[in-house]
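Here's the letter readout for the chains.
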Amino acid sequence: MKKTALLLALVMCITSVEAVRADSTQSYDDYTACLEENLNQKYTLDEALEIIENESSLDSYVGEIFEDVDNFDSMVFTSCGDINDIHLNNEQLIYVIDYGIVEDEIQVMSRADEYTEYQVLEGDKVDTIVYYNNGTVYLNDELLKNEAEDQYIHTDDYADWWSTNCPYGNSTDYTYKIGSKNDSDVENTKYWNNLTYTAFSLALTKALPYLVGGYSGAVSAIVSLVYAALSYDDTPYTKCMSYKMVKYNHKDKTSGVVKGTLCVTKYVVTAYAAANYQNKMGTYDSFYCKEHY
């Protein structure tokens, strides 16, 4: 496959959300209101294509760049920011990602058949991310557990996705409660302020897939909202986070199967920018959908 065709395929498969830039004169309420207004903005990620076509030194790295950007997409980096530059340092690829709030450098440290190791630099902050082909991720030598993995074991006989749009009936019809989960102090969030923005977005999406997953078209805004709440300078918000989550099925389709082989569960998540359910950020509805082949 020619380079241009390969890259066009890459561009068609990956989308991103434009980061909302913070203004130092804004209050926290103004900033979050601005984020809320941008929840549904989408555009095609074409930064990698443009950079590679204008930089001949990257010609022999197209396959590796395709792999890296696919990894970044899986870890939501490219849903949170723009790839501003790709260059080489001692024959190692370096990606510069602009998140609007900050800019990170992601360098490929090593590449093997099963995994790729990345180092993220942001000022004095340094994080190491090891991404395995099976989706397993280690952040600074610690396994990042996806809170949804235990419930949703992926197989080859169905497709699953998150959505903020109700796929069957009306959102208000989902009133049959099937479960709930509360966490008064999300593990390790007190350390998130020490992470690079890249690592922060990864840790958040693994810890709270119920919150971020449904907003796949607006991951940037959701991550920015939580980041601001945990670190905004002129507010009393703490460096912790807590949440309450309730799951509902359709009132007339209590098994979860709403039509044919389509199963839908509604998640209602209330997020707080402090431990013990203090400093409420907002309540977010999303739908987990699964359809068997």
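The rules we used
- Residues numbered from 1 in each chain as written.
- Predicted model: local features only at pLDDT ≥ 70, side-chain atom pairs only at ≥ 80, totals over all residues.
- Heavy atoms only, no water.
- pLDDT = per-residue confidence, 0-100.
- Contact = heavy atoms within 4.5 Å.
- Salt bridge = Lys/Arg side-chain N within 4 Å of Asp/Glu carboxyl O.
- Helix = DSSP H or I, 4+ residues; strand = E, 2+ residues; numbered from the N terminus.
- Buried < 20%, exposed > 50% of the residue type's maximum accessible area, 1.4 Å probe, protein only.
- Polar contact = N/O pair within 3.5 Å; in protein donor to acceptor, adjacent residues only side chain to side chain.

Peer 1: Which residues make up the confidence of the model for the protein, and what are the values?
Peer 2: Here the protein averages 75 in pLDDT, and 68% of its residues register 70 or above. pLDDT under 50 marks residues 233-238. Its contacts with residues more than four places away, or in other chains, come to 13 contacts.

Peer 1: Quick rundown of the pattern of salt bridges? Include the residues and the values.
Peer 2: Under the defined criterion, the tally for this structure stands at 5 salt bridges. Close ionic contact of Asp68 with Arg111 constitutes a salt bridge, the shortest N to O distance being 2.9 Å. Placement of Asp68 in helix H4 (residues 62-74) and of Arg111 in strand E5 (residues 103-111) is noted, with a sequence separation of 43 residues between them. When its relative accessible area of 0% is taken as the criterion, Asp68 is described as buried. Look at the salt bridges and you will find they share partners, linking Glu64, Glu67, Asp68 and Arg111 into a network.

Peer 1: Describe the side chain of Ser201, and please don't skip the residues or the numbers.
Peer 2: If you trace the backbone, Ser201 turns up in helix H6 (residues 197-207). A distance of 2.7 Å separates a polar atom in the side chain of Ser201 from the backbone oxygen of Thr198. Those residues in contact with Ser201 that sit more than four places away from it in its chain are Val76, Phe77, Cys80 and Val223.

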